[in-house]
Amino acid sequence: MNSLDLKQFQEQVSELLLRHRSLLDVLSKYQQSNAAVHRSVVKAVTECGCIEVNAGKQSYTSDMTLQDAKRALETHMDGHLCDNCLEIVGAELGKNMFYTASLCNLLDIDMQKIVNDESKKCSTLGFFNLS
């Protein structure tokens, strides 16, 4: 299968989007797809158990260097998604990307430009971008 760039994906979504052409429909489906992504990750924890969440207060002090902080701060997650959960979470993320592209199409926003601009911002601002 050929890999698509964001512009091609956005064009493909534009051709397929028939039922939810209304901005309000797309916004509600986008929100629903966000919830489905969250739910699929939660199910990986609560039903499958392939990942665990062990959260606590992050040990961070103002005198830490960035490298110290990277080593000290945790993801609060143990384990890895199993093949089944990886497939499910990936499918939900795909739907979410579909509605992201739909929203971009309706608002005449180029997804590739957004990704490029955000990447430049991350490169320029580095860790100051995290606020």
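For the chain, the helix and strand inventory stands at five helices and two strands. In sequence order, the secondary structure elements of the chain are arranged as α-α-β-α-β-α-α. Taking 2.2 N^0.38 as the reference for a compact globule, 131 residues should give roughly 14 Å; the C-alpha atoms of the chain span a radius of gyration of 18 Å, well beyond that estimate. For the chain, the spread of C-alpha atoms along the three principal axes comes to 50 × 40 × 35 Å. Taken across its 131 residues, the chain has 19% of its residues classed as buried. Considering only intrachain contacts with a sequence separation of at least 6, the fraction spanning at least 24 residues in the chain is 69%.

For the rest of this paragraph, the subject is helix α1 (residues 6-16). Those residues of α1 lying buried are L6, F9, Q10 and V13. For α1, the arc enclosing every buried residue in end-on projection is 100°, short of the 170-degree limit, so these residues lie on one face. Buried residues in α1 make contact with α4 (83-106) and α5 (111-125). Among the residues of α1, the N-terminal cap falls to D5, whose side-chain oxygen and the backbone nitrogen of K7 are separated by 3.1 Å.

A separate point is the side chain of N96. Along the chain, the position of N96 falls in helix α4. Classification of N96 by relative accessible area gives buried; the value is 11%. Once you skip the residues sitting within four places of it in the chain, N96 turns out to touch Y30, S33, N34 and V37.

The next thing to look at is the packing of aromatic side chains. Evaluated as defined, the whole model comprises one aromatic pair. Consider the rings of F98 and Y99, whose centres lie 5.0 Å apart with planes at 85°: the pair is edge-to-face. According to the relative accessible area criterion, Y99 is buried, its value standing at 12%.

With that out of the way, let us pick up the packing of α1 against α4. Relative placement of two packed helices is described by the angle separating their axes and the distance separating the axes. One way to put it is that α1 packs onto α4 with a least axis distance of 9 Å and a crossing angle of 85°. The orientation of α1 relative to α4 falls into the category roughly perpendicular. Residues F9, Q10, V13, S14 and L16 of α1 form the contact with α4, whose own contacting residues are M97, F98, A101, S102, C104 and N105. Among the residues forming the contact of α1 with α4, the class breakdown is seven nonpolar, four polar and no charged.

Following the criterion strictly, the structure yields four salt bridges and no others. Here E92 makes a salt bridge to K95, at a shortest N to O gap of 3.7 Å. Here E92 pairs with K95, and both are found in helix α4, just three residues apart, close to one helical turn. With a relative accessible area of 17%, E92 lands in the buried category.

Residues L6, F9, V13, A101, C104 and M111 constitute the largest nonpolar core, which totals six residues. Contributions of two or more residues to this core are made by α1 and α4. Examining the composition of this core, we find that three residues originate from one element, α1, more than from any other.

Turning to its location among the elements, S40 is positioned in helix α2 (residues 23-48). S40 sits in the buried class, given a relative accessible area of 7%.

How each quantity is defined
Residues numbered from 1 in each chain as written. Predicted model: local features only at pLDDT ≥ 70, side-chain atom pairs only at ≥ 80, totals over all residues. Heavy atoms only, no water. Helix = DSSP H or I, 4+ residues; strand = E, 2+ residues; numbered from the N terminus. Rg over C-alpha atoms; globule rule 2.2 N^0.38 Å. Buried < 20%, exposed > 50% of the residue type's maximum accessible area, 1.4 Å probe, protein only. Contact = heavy atoms within 4.5 Å. Arc of directions from axis to C-beta. Polar contact = N/O pair within 3.5 Å; in protein donor to acceptor, adjacent residues only side chain to side chain. Phe/Tyr/Trp six-rings, centres within 6.5 Å; stacked < 30°, edge-to-face > 60°. Axes fitted to C-alpha atoms, helices over the stretch in contact; angles between N-to-C directions. Parallel < 35°, antiparallel > 145°, perpendicular 65-115°, else oblique. Nonpolar A, V, L, I, M, F, W, Y, C, P; charged D, E, K, R; others polar. Salt bridge = Lys/Arg side-chain N within 4 Å of Asp/Glu carboxyl O. Core = buried A, V, L, I, M, F, W, Y, C linked by side-chain atoms within 4.5 Å.

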